[in-house]
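An overview of the molecular structure
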Amino acid sequence: MRVFCRFATGLAGLAGILIPLSATTLERLTVEEMSQQSTAVIRARVTGSRTASRGTDIYTYFQLQILETWKSSGRAITEVAVPGGVANGVRQIATGAPDLKIGQEYVLFLWTSRAGLTQIIGLSQGVFRISADDSGAVLAQRPAATELMLDRSGSPVTDSPISIQARDLRARVVRALGAAK
Amino acid sequence: MRHTILRAALALAILFGLTSVSSAYYYWTYFPGTAGPFQPYSAKFDLSALLDKTVLYFISDKGPGKLVDGDNYDALVSQIRLAAETWNAVPSSDIRIRFGGFETLGTAQATPGIDVVFDDDMPPGLLAQTKPFLPADVGDLTKGPGFVPILRSKVQLRSDLTLKQQASYSDTFFLTMVHEFGHSLGLQHSTVSASMSTVTTRATTKARPLAADDIAAISLLYPVAGWTATTGSITGRVALNGNGVNLASVTALSANGTAISALTNPDGSYRIDGIPPGDYYIYTQPLPPPQQDELTPAAIVPPSDSHGGSFAAFTGFAGQFFPHTRDWTQAVTASVKAGAIVPNVNFDVDPRPGPSIYSMNVLGYLGPSGKEAYVHTPLLVSGYRGWIVFNGAGTLVPNSTNLTPGLAVNAIGPAARLEPQYLGYFTAGYLLTVVDANQVSQPTPVALAVTTPNDLYVLPAALTVVPSAGPAISSVSGSTDALGNGSVTIKGDNLSQDTRVMFDGAPATAIQKNDDGSFTVTAPPAIGAHTAVLEALTNDGQTSIQTMGTLPQPTFTYASPDHPSISITPGTVTAGTDMMIEVDGINTNFADGQTVIGFGSSDVSVRRIWILDRGRALLNISVNAAASGGLVTVTAATGIQAVTLPAGLQIQPIAAPASGSAIQPMTLRVPVLNLATGLAGVPTGGTAVIVNAGLPASLSGWTLTIGGVHADFTVDSNSNIRAVVPGGLPLGPAVVKLTSPNSDPIAPVLVNIDAQPPAIQAAYDQHTATTLTFVDALHPAAPGDVLFVDVGKLNGGGPAVPASSVHISIGGVDHIATSLAPILEFGLISDVVRVQFTLSTGLPGGATQPMTVRIGTRVSPSYTLNVIPPAPVQPSKQN
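A quick note: this is a predicted structure, and the numbers were derived from the prediction, not measured.

**Brief notes about the overall build of chain B**
A tally of helices and strands in chain B yields five helices and 68 strands. Dimensions along the principal axes, computed over C-alpha positions, put chain B at roughly 90 × 70 × 70 Å. Split into buried and exposed, the 879 residues of chain B put 51% on the buried side.

Shown next as structure tokens:
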């Protein structure tokens with residue numbers, strides 16, 4: 001019984017769990033963490049795509065029509081890079097890359113590297129699809145991750161689906177940015 | 001009765017030649033068209049484009065920007081190298097992967113390879129990914145080589161490695177790298193808890209990093225000759241309302257936990273190959289749904305047609321065992337035999353909106369009392385009775401702590417049992433149950449069958465039962481001598497001479513047991529005051545990290561001499577040529593079998609290394625004719641010690657005339673072969689065959705020296721030089737130098753001078769425990785008999801060779817000696833050794849078979865062995 005209590009206590013903390021990483025393992029980021037770690041948060045519509053090489057890597061660049069900017073680094077964003085694609089006769093496969101649909105509206109948590117490459121945070125965690133519910137409310141939705149995610153200490157955590165009114169998501173982003181100051 | 005009939009039907013495996021290796025989808029797969037029949041073409045490295053069937057991998061010389069506190073780059077590199085080496089431990093795989101040193105990003109390379117980089121461009125939230133590069137246009141697959149070539153692969157890690165699980169000393173980092181290297185070689189995700197499974201269900205450990213499914217996968221993609229005939233296959237179809245189901249997972253699962261899987265073709269057909277003989281349950285279940293906005297279920301890229309179209313996975317069905325049951329106790333087993341196919345294992349699946357249960361994560365709580373820690377897919381010792389917990393999509397009613405109605409969890413097979421009365425909600429979305437681990441004689445993975453009234457989910461290797469407790473290290477003490485050799489004494493529990501003691505990613509050598517029960521090992525070389533984390537690994541898959549719970553990991557700090565450095569001669573090589581290189585080290589610890597030398601480019605292949613002493617090595621290298629010019633970094637890695645010489649080698653491209661194609665420079669090719677054996681070692685007096693390129697048709701007036709001694713030579717009909725190796729040369733590397741009358745620059749190469757070959761003197765059959773019968777025409781040997789062969793010069797004048805290195809070829813069938821015993825003559829040990837082995841039952845027909853004995857590159861002359869020929873095979877009929 002004593003062991004069981006330790007077991008329960010330990011699980012609640014989930015400390016020291018040994019969980020392998022993989023190509024598609026994500027470090028779980030909350031909306032607040034994504035807000036703070038991103039360099040830009042935007043609401044945008046995907047208007048097109050192209051593929052191009054960048055060094056030895058190939059990216060598919062999705063062109064964006066910016067509808068709202070919730071966080072800005074001051075750098076104008078016109079497109080976001082998703083790893084993988086075809087260029088110069090070579091196909092590069094990036095398993096687990098998100099699939100953005102042309103014409104679809106999203107809230108995107110973006111991160112621009114020091115070298116100037118703008119990508120989505122956490123491969124697909126930073127993608128919220130915008131849609132309207134039956135009442136006409138604008139929702140930002142992200143399904144739950146089905147694979148294990150790790151928190152900052154490396155412990156596994158359970159993800160939850162997120163369906164939130166876009167204005168409430170924006171408010172969380174603004175609050176997170178305010179709290180970070 | 002019905003099951004008896006089905007069992008009989010499945011046991012009626014149809015003997016069928018496995019003429020091609022196909023099936024299995026967790027490769028990147030292409031089909032020639034959009035309609036069946038679907039013949040898969042997988043993406044893989046073209047072994048014919050790789051020297052020695054070896055793909056080189058490189059680690060970026062731009063290391064990670066940040067590491068976990070206490071971690072260091074040398075340790076990280078050693079773990080990466082250990083992870084890559086894991087794939088070389090599969091004897092049925094023909095591809096080898098070797099460290100090519102540190103690489104400067106942007107180095108132009110024409111030869112396929114693998115790059116490991118620490119990427120500043122990887123965004124937060126993404127830890128690692130691997131990207132294979134494939135031709136965009138695969139053309140007409142039916143007219144190609146039978147596969148799609150991987151041009152290069154890139155393994156990307158974040159430059160910021162400060163997450164706890166990215167520490168080099170965590171098993172997780174190592175297992176991640178094994179997984180990523182698997183991707184880089186052409187493997188996609190598996191669904192059966194293998195190394196190639198996604199993070200939630202992976203059940204491998206650092207001590208046993210590959211599961212049977214991984215071994216089958218890499219072996220099917222790169223099979224060694226004859227391997228497929230040693231395994232069996234299962235074929236069938238998965239259909240829903242008569243329509244084929246694409247990308248359904250189908251798994252063969254034995255009661256001892258072995259799981260081998262495949263995915264269905266677009267028409268629902270499947271074929272599981274590479275199954276070790278035995279009895280198997282077979283089940284099918286849908287792939288788990290895609291994660292968030294990922295493109296595909298289970299993060300598996302679906303097959304493409306040759307025009308770029310893809311065949312999406314169908315996941316709208318419920319899992320089931322064959323034949324159409326969710327109760328594993330009602331399932332029938334298929335008897336898989338070597339070289340045979342079990343056909344018509346067909347599934348008629350039931351529709352449902354999608355998988356209701358998937359991605360289950362099982363945790364145990366292991367460690368000494370008071371120091372327990374959670375362990376993923378735990379290894380439990382026979383006799384264990386305790387809690388395990390798990391979570392998984394679909395196990396709870398959404399937004400509640402109520403179990404899904406009708407949820408049941410059972411252990412498959414005899415190794416463990418779950419106590420159903422304890423199944424309940426635990427905390428934080430986890431459920432708990434109690435497991436009883438039964439007696440086993442070897443590590444036995446246990447699959448769980450999770451059922452609801454309308455679905456089945458099977459998780460292979462959810463836990464593993466092991467016969468005895470795992471290793472633990474309680475204390476470490478040691479010292480480093482003036483040459484940098486660490487001698488370390490280790491105390492702990494459940495250690496043995498079979499235990500592998502790792503210093504970071506490098507194994508200790510020369511493990512010896514002391515009278516007080518402790519063990520003394522020789523630590524692998526390291527640089528300076530390096531602190532290595534120690535870990536004990538046992539053959540049953542247990543690791544001291546898991547066994548020791550939250551106890552701190554033991555360490556050893558070296559007190560090595562001054563910083564090592566290397567230099568090389570020559571410093572310039574020409575594309576399209578082979579040559580010898582000398583590497584000289586100061587404060588280095590070169591060791592035979594441990595030192596790897598690389599040149600930071602897949603266009604420069606090290607063909608062989610001779611370690612002369614701790615500071616001197618000789619190499620034969622080959623430089624791709626298509627190599628671009630430039631400077632590359634030279635790396636010499638031994639243990640944890642990795643010494644670099646930045647910009648240490650200049651590659652000169654082949655000079656091209658103003659018009660026309662490039663001119664092949666004059667070169668001798670390596671390896672230099674023995675005419676008698678075709679192997680890369682020649683005894684004095686033997687004839688060396690030296691392939692060459694760019695030489696004139698006539699070599700009149702040219703001279704050849706071997707080991708500095710003039711050697712007569714001729715040129716054969718293939719333009720190869722044939723030279724008799726002069727007598728008196730010492731064993732080991734000897735310089736082969738060809739000189740033209742004009743003293744044209746032709747780089748020398750090395751040939752290995754072997755000891756004289758062994759000679760078979762007699763063969764005996766052990767008919768009784770005490771009686772040996774000389775094998776001749778009147779007393780032929782029978783397949784399965786224990787034979788003894790007396791062999792002279794087996795050890796070649798050197799130290800005694802181990803039995804495992806002695807190969808006996810009979811009728812082309814390889815046998816490995818099981819024991820060696822010196823023969824006494826006049827009471828003294830002679831140079832004759834009695835070699836024992838068991839005669840294979842798979843010999844070709846014929847009453848006499850040629851027999852040779854080989855140790856390394858030394859092969860005996862052929863000896864005729866009289867055998868009882870195998871009975872002729874009766875042709876079987878296919879019903």
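**A closer look at the overall build of chain A**
Counting its secondary structure elements, chain A contains three helices and 13 strands. Within the span of chain A, comprising 181 residues, buried residues form 43% of the whole. Put simply, of all contacts in chain A between residues at least 6 apart along the chain, 61% involve residues at least 24 apart.

**A few points about the confidence of the model for chain B**
A low pLDDT score tells you not to read the predicted coordinates there in detail. Residues and elements named next belong to chain B. A residue-level look at chain B finds 94% of positions with pLDDT of 70 or above and a mean pLDDT of 90. When the criterion is pLDDT under 50, residues 4-22 qualifies, and its contacts beyond four places in sequence or with other chains add up to 37 contacts. With pLDDT under 50 throughout, residues 875-879 is counted as low confidence; its partners more than four residues away or in other chains account for two contacts. The complex prediction reports pTM at 0.90, with the ipTM value standing at 0.77.

**Quick look at the nonpolar core**
Grouped together as the largest cluster of nonpolar side chains are 259 residues, with contacts concentrated most on Leu108 of chain A together with Ile282, Ala447 and Val672 of chain B. The element that contributes the greatest number of residues to this core is strand 31 (residues 455-466) of chain B, accounting for nine residues. Every residue in contact with isoleucine 282 of chain B, bar those within four places of it in the chain, is listed here: Ile234, Val250, Thr251, Ala252, Phe322, Ala334 and Val345 of chain B. Grouped together as the second largest cluster of nonpolar side chains are 22 residues, Val833, Met851, Ile855 and Val867 of chain B included.

**Considering the confidence of the model for chain A**
Summing up the model confidence of chain A, the mean pLDDT is 77 and the portion of residues at 70 or higher is 72%. Segment residues 8-24 of chain A: pLDDT under 50, and 64 contacts once partners within four positions in sequence are set aside and those in other chains are kept.

**Some thoughts on the sheet that holds strand 32 (residues 472-480) of chain B**
All names here are of chain B. Pairing is antiparallel in the open sheet, where four strands are placed in the order 32-33-37-36. Since the sheet does not close on itself, it has two edges, and those belong to strand 32 and strand 36 (509-513), each with one partner. Shown here is a sheet whose adjacent strand axes are inclined to one another by a mean of 20°, direction ignored.

**Looking at the sheet that holds strand 54 (residues 709-710) of chain B**
Here we have five strands laid out as an open sheet, ordered 50-58-57-53-54 (chain B), and mixed in their pairing. Here the strands that pair on one side only, and so sit at the sheet edges, are strand 50 (682-683) and strand 54 of chain B.

**Side note on helix 3 (residues 171-185) of chain B**
All names here are of chain B. Counted at 1.5 Å a residue, the expected span for helix 3 with its 15 residues is 21 Å, and the 21 Å between its end C-alpha atoms agrees. Of all the 15 residues making up helix 3, 15 are buried; the element is thus mostly covered by neighbouring parts of the structure. Just downstream of helix 3 lies glycine 186, where phi reads positive at about 120°.

**Focus on helix 2 (residues 73-86) of chain B**
Residue and element names in this part refer to chain B. With 14 residues, helix 2 extends 20 Å from end C-alpha to end C-alpha; this agrees with the ideal 20 Å at 1.5 Å per step. Where burial is concerned, most of helix 2 is hidden: eleven out of the 14 residues are buried. When we look at burial in helix 2, the residues that qualify are Asp74, Ala75, Leu76, Val77, Ser78, Gln79, Ile80, Arg81, Ala83, Ala84 and Thr86.

**Observations concerning the packing of helix 2 of chain B against helix 3 of chain B**
Residue and element names in this part refer to chain B. The contact between helix 2 and helix 3 brings their axes to 8 Å, and the two run at 45°. With respect to helix 3, the element helix 2 is oriented oblique. Viewed along their axes, helix 2 and helix 3 form a crossing whose handedness is right-handed. Residues Gln79, Ile80, Leu82, Ala83, Ala84 and Thr86 of helix 2 lie in contact with helix 3, whose contacting residues are Phe173, Phe174, Met177, Val178 and Phe181.

**Concerning unusual backbone geometry**
Residue and element names in this part refer to chain B. A cis amide bond, omega 5°, links phenylalanine 322 with the succeeding residue proline 323. Inspection of the secondary structure puts proline 323 in the loop between strand 19 (320-321) and strand 20 (334-336). Put simply, threonine 569 and proline 570 share a cis peptide bond, and its omega is -5°. By secondary structure assignment, the location of proline 570 is in the loop between strand 40 (565-569) and strand 41 (572-574). The residue aspartate 52 is not glycine, and still its phi comes out positive at about 55°. Among the secondary structure elements, aspartate 52 is positioned in the loop between strand 3 (41-44) and strand 4 (54-60). Located in the positive-phi region is alanine 461, a residue other than glycine, with phi close to 50°. Relative to the helices and strands, alanine 461 resides in strand 31. Classification of alanine 461 as buried rests on a count of 27 C-beta atoms within 10 Å.

**Re the environment of glycine 274 of chain B**
Residue and element names in this part refer to chain B. By secondary structure assignment, the location of glycine 274 is in strand 16 (residues 269-275). Through-space distance from the C-alpha of glycine 274 to that of isoleucine 215 is 8.7 Å; in sequence the pair is 59 residues apart. What glycine 274 contacts, discounting residues up to four positions off in sequence, is Ala216, Ser219, Leu220, Thr231 and Ile260.

**Some words on the environment of alanine 559 of chain B**
Residues and elements named next belong to chain B. Mapping alanine 559 onto the fold places it in the loop between strand 39 (555-557) and strand 40. Considering only alpha carbons, one finds alanine 559 and proline 124, 435 residues apart in sequence, at a separation of 38 Å. Those residues in contact with alanine 559 that sit more than four places away from it in its chain are Thr480 and Ala529.

**Comments concerning the pairing of strand 51 (residues 687-690) of chain B**
All names here are of chain B. Residues Ala688 and Ile690 line the buried face of strand 51, whereas the alternating positions Thr687 and Val689 sit on a face that is not buried. Across two bridges, the pairing between strand 49 (residues 673-674) and strand 51 is antiparallel. Paired with asparagine 674 across the two strands is alanine 688, which belongs to strand 51. As paired strands, strand 51 and strand 56 (residues 721-724) are joined by four bridges and run antiparallel to one another.

**Considerations on the environment of proline 758 of chain B**
All names here are of chain B. Counting through the fold element by element, proline 758 comes out in the loop between strand 58 (749-754) and strand 59 (759-766). Overall, the presence of 27 C-beta atoms within 10 Å leaves proline 758 in the buried class. Each C-alpha atom, one on proline 758 and one on threonine 480, is 41 Å from the other, the two residues being 278 residues apart in sequence. Residues within four places of proline 758 in sequence aside, it is in contact with Val791, Gly792, Lys793, Leu794, Val853, Ile855, Arg858 and Ser860.

Criteria and thresholds
- Residues numbered from 1 in each chain as written.
- Chains lettered and ligands numbered in written order.
- Predicted model: local features only at pLDDT ≥ 70, side-chain atom pairs only at ≥ 80, totals over all residues.
- Helix = DSSP H or I, 4+ residues; strand = E, 2+ residues; numbered from the N terminus.
- Buried ≥ 20, exposed ≤ 12 C-beta atoms within 10 Å, placed from the backbone.
- Contact = placed C-beta atoms within 7 Å.
- pLDDT = per-residue confidence, 0-100.
- Core = buried A, V, L, I, M, F, W, Y, C linked by C-beta atoms within 7 Å.
- Pairing = 2+ DSSP bridges.
- Axes fitted to C-alpha atoms, helices over the stretch in contact; angles between N-to-C directions.
- Expected span 1.5 Å × (residues − 1).
- Parallel < 35°, antiparallel > 145°, perpendicular 65-115°, else oblique.
- Left-handed = near helix turned anticlockwise from the far one by under 90°.

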